[in-house]
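Observations on the model geometry
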Amino acid sequence: MAETLNEQPTLGEGKKTRQGSQSVTLESVAKLAGVAPTTVSRALNHPDKVAQKTRDRITQVIQQTGYVPNLLAGGLASNKSRLIAVIVPSLVNIVYAETIQHFAKPMKEAGYQVLQGEVGYDLEEEEKLIAAVLSRRPDAIFLTGIHHSNNCRRQLLAANIPIVETWDVTPTPLDIVVGFSQEAVGKQTADFFYEKGYRKFAIVSAEDHRATLRNASFKKTLAAKGIENVAVSIVPGISNLELGRHAAAKLFDEGLHDSLIFCSSDTLAHGVLTEAQVRGISVPEDISIVGFGDQNFAAFTYPALTTVRIDRATMGRLSANALLCRLNNVDVTEKVIDLGFEIVVRDTA
């Protein structure tokens, strides 16, 4: 007859052992609860098949020991880990954070856990992280962008799991893509402000691939209209207000005036606006500024920031819906979902 729980020794009694030096196993939980390991496994995976008193005893041991069930091992038969991997350039950038927030909610409601990883804008870092993530056997992956190293693409395709790529579109996604055309953003922004009468332009941009595509399309569109002299100031790393100020300072020191500055993010645009104000340059009378992303502060700068709005929340929700369909073996008829974008005119341009 098994002993009652309060008569069992607890981990750490007798010989003192550091909790971090020895993992708590299913077998040790079973021993402390006075049941067989299969009973613990059944209580975790099929609690309705275990008597209430036995479940309570096992639950108390789990709480005492801090035991974390190995859900991957428990799900080997079904090949399900219940983990969804999310790969983004930055975990703190609100542009990506809002998308992930609206992606994660329906995934969690469906019983999945979302694990996030940050790679900056480095394809090698993305390849390393994805290799590590795939070794944990996620059920699906959310990716930012459509450009990956050749080896990374091979690994993703070989994994044979649902994949959604975001923040861009392509006719040949790895699986599903939810986003918008970077080239279209550049072209339509150039066309829009040319039609408004602007004839002098500049670019302040981060080095990431998607911004580069927008910039190239922006310049190409202007060149077709006879405007080929577009001043460019590129900043390294993740965009922030400080880098925006430095980039603007470079352009202003080189004599830039009476121009529209197209920025690769609202954060950089905010930095350009701040540097202009410090120097006494009037916006939009002396220069005009256009951001990208329509972040939550864009409408509240002074003057309010003109920008390109991306529906980040819808991108997250549609990405989740697409993956959940794939995970539930429901056909996804629309593999390429183009959300488009909107030029939001405020006071800086």
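Here's what I pulled together on the structure shown here.

Calculation notes
Residues numbered from 1 in each chain as written. Predicted model: local features only at pLDDT ≥ 70, side-chain atom pairs only at ≥ 80, totals over all residues. Heavy atoms only, no water. Helix = DSSP H or I, 4+ residues; strand = E, 2+ residues; numbered from the N terminus. Contact = heavy atoms within 4.5 Å. Lys, Arg positive; Asp, Glu negative; His and termini not counted. Charge placed at Lys NZ, Arg CZ, Asp CG, Glu CD. Pairing = 2+ DSSP bridges. Axes fitted to C-alpha atoms, helices over the stretch in contact; angles between N-to-C directions. Salt bridge = Lys/Arg side-chain N within 4 Å of Asp/Glu carboxyl O. Buried < 20%, exposed > 50% of the residue type's maximum accessible area, 1.4 Å probe, protein only. Phe/Tyr/Trp six-rings, centres within 6.5 Å; stacked < 30°, edge-to-face > 60°. Lys NZ or Arg CZ within 6 Å of the ring centre and 35° of its normal. Parallel < 35°, antiparallel > 145°, perpendicular 65-115°, else oblique. Nonpolar A, V, L, I, M, F, W, Y, C, P; charged D, E, K, R; others polar.

As for the overall build of the protein chain
Scanning the protein chain from N- to C-terminus turns up 12 helices and 12 strands. Dimensions of the protein chain, computed from the C-alpha atoms along their principal axes, are close to 90 × 45 × 30 Å. Put simply, 68% of the contacts in the protein chain that link residues at least 6 apart link residues at least 24 apart. A gap of 7 Å separates the mean positions of the 36 positive and 39 negative side-chain charges of the protein chain.

What about the sheet that holds strand β8 (residues 259-263)?
Pairing is parallel in the open sheet, where 4 strands are placed in the order β7-β6-β8-β9. Every interior strand has two partners, whereas the edge strands, β7 (231-235) and β9 (287-290), have only one. Taken pair by pair, the neighbouring strands of this sheet meet at an average axis angle of 15 degrees, ignoring direction. Relative to β9, β8 is paired through 4 bridges, and the arrangement is parallel. Each residue of the ladder has a partner; that of F262, found in β9, is V290. Packing against the sheet, helix α10 (residues 241-253) makes contact with β6 (201-206), β7, β8 and β9, and its axis sits at approximately 150 degrees to β7.

Overview of the pattern of salt bridges
Applying the stated criterion to the full structure yields 14 salt bridges. Taking the shortest distance from any N to any O, the salt bridge between K335 and D175 comes out at 4.0 Å. Taken together, the residues K335 in the loop between α12 (312-327) and β11 (336-338) and D175 in the loop between β4 (163-166) and β5 (176-179) connect sequence positions 160 residues apart. By relative accessible area, K335 is classed as partly exposed at 35%. Taking the relative accessible area as the measure of exposure, D175 reaches 10% and is therefore buried. Note that R245 is salt-bridged to E275, the shortest N-O span being 2.8 Å.

Looking at the packing of aromatic side chains
With the rule as written, the count across this model stands at 8 aromatic pairs. Taking the centre distance of 5.9 Å and the plane angle of 75 degrees together, the rings of F193 and Y198 count as edge-to-face. Note on accessibility: F193 and Y198 belong to one class, buried. The ring of Y112 carries the charged tip of R82 above its face, separated from the ring centre by 4.0 Å. Taking NZ or CZ as reference, K225 lies 4.9 Å from the ring centre of Y194, over its face.

Notes on the packing of helix α1 (residues 26-33) against helix α2 (residues 37-45)
One way to put it is that α1 packs onto α2 with a least axis distance of 8 Å and a crossing angle of 100 degrees. One finds that α1 runs roughly perpendicular with respect to α2. For the pair α1 and α2, contact is made by L26, E27, V29 and A30 and by P37, V40 and S41, respectively. Taken together, the residues of the contact of α1 with α2 break down into 5 nonpolar, 1 polar and 1 charged.

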